[in-house]
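A look at the structure
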Amino acid sequence: MENVTLNVQGMSCGHCVKAVESSVGELNGVDSVNVNLEAGQVAIAFDSATVTLDTIKETIDDQGYDVV
């Protein structure tokens, strides 16, 4: 299991948190997703043998937010 914290721009409300947590959380291999709205960060625990970090980043991008 890998843990990563991504800096994400564009999140500003509870809807943003839910959108990111649910979309990333639905990916096979993702164990947990925690958004810190104030810090603009998303902490993710995932199995790198099942899902890649690039796929996770693309999923966040697809929700309209920028991984920096």
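All of these numbers come straight from a predicted model, not from anything done at the bench.

1. Section: the UniProt feature "domain: HMA" (unreviewed entry) in the protein chain
In the numbering adopted here, UniProt assigns the feature "domain: HMA" (unreviewed entry) to residues 2–68. Structurally, residues 2–68 is divided into 33% helix and 34% strand, and its ends, taken at the C-alpha atoms, are 19 Å apart.

2. Observations regarding the side chain of Ser23
Its location among the elements puts Ser23 in helix α1 (residues 14–25). In this structure the side chain of Ser23 is engaged in a polar contact, spanning 3.3 Å, whose partner is the backbone oxygen of Val20. Setting aside residues no more than four positions away along its own chain, Ser23 makes contact with Thr59 and Gln63.

3. Quick look at the environment of Glu38
Mapped onto the secondary structure, Glu38 falls in the loop between β2 (30–36) and β3 (41–46). Sequence separation between Glu38 and Thr59 is 21 residues; the distance between their C-alpha atoms is 21 Å.

4. Brief notes about the pairing of β2
In terms of strand pairing, β2 meets β3 through six bridges, oriented antiparallel. Its bridge partner lying in β3, Ser32 is registered against Ala45. Connecting the antiparallel pair β2 and β3 is a turn made up of four residues, with Gly40 showing a positive phi of about 65°.

5. Concerning the sheet that holds strand β1 (residues 2–9)
Pairing within the open sheet is antiparallel, and its four strands lie in the order β2-β3-β1-β4. Pairing within the sheet leaves two strands with one partner each, and these edge strands are β2 and β4 (66–67). Relative to β3, β1 runs antiparallel, the two sharing six bridges. The residue bridging Thr5 from the neighbouring strand is Ala43, located in β3. Seen against the sheet, α1 touches β2 and β3 and runs at an angle of roughly 165° to β2. Contacting β1, β2, β3 and β4, helix α2 (residues 53–62) crosses the sheet at an angle of about 30° to β1.

6. Points about α1
Here α1 spans 16 Å end to end across 12 residues, near enough to the 16 Å set by a 1.5 Å rise per residue. Along α1, the positions that sit buried rather than exposed are Cys16, Val17, Ala19, Val20, Ser23 and Val24. All buried residues of α1 lie within an arc of 165° about the axis, which places them on one face of the element. Facing away from the buried side of α1, by more than 90 degrees, are the exposed residues Gly14, His15 and Lys18.

Procedures and definitions
Residues numbered from 1 in each chain as written. Predicted model: local features only at pLDDT ≥ 70, side-chain atom pairs only at ≥ 80, totals over all residues. Heavy atoms only, no water. UniProt positions renumbered as here; feature names shortened; annotations may be inferred. Helix = DSSP H or I, 4+ residues; strand = E, 2+ residues; numbered from the N terminus. Polar contact = N/O pair within 3.5 Å; in protein donor to acceptor, adjacent residues only side chain to side chain. Contact = heavy atoms within 4.5 Å. Pairing = 2+ DSSP bridges. Axes fitted to C-alpha atoms, helices over the stretch in contact; angles between N-to-C directions. Expected span 1.5 Å × (residues − 1). Buried < 20%, exposed > 50% of the residue type's maximum accessible area, 1.4 Å probe, protein only. Arc of directions from axis to C-beta.

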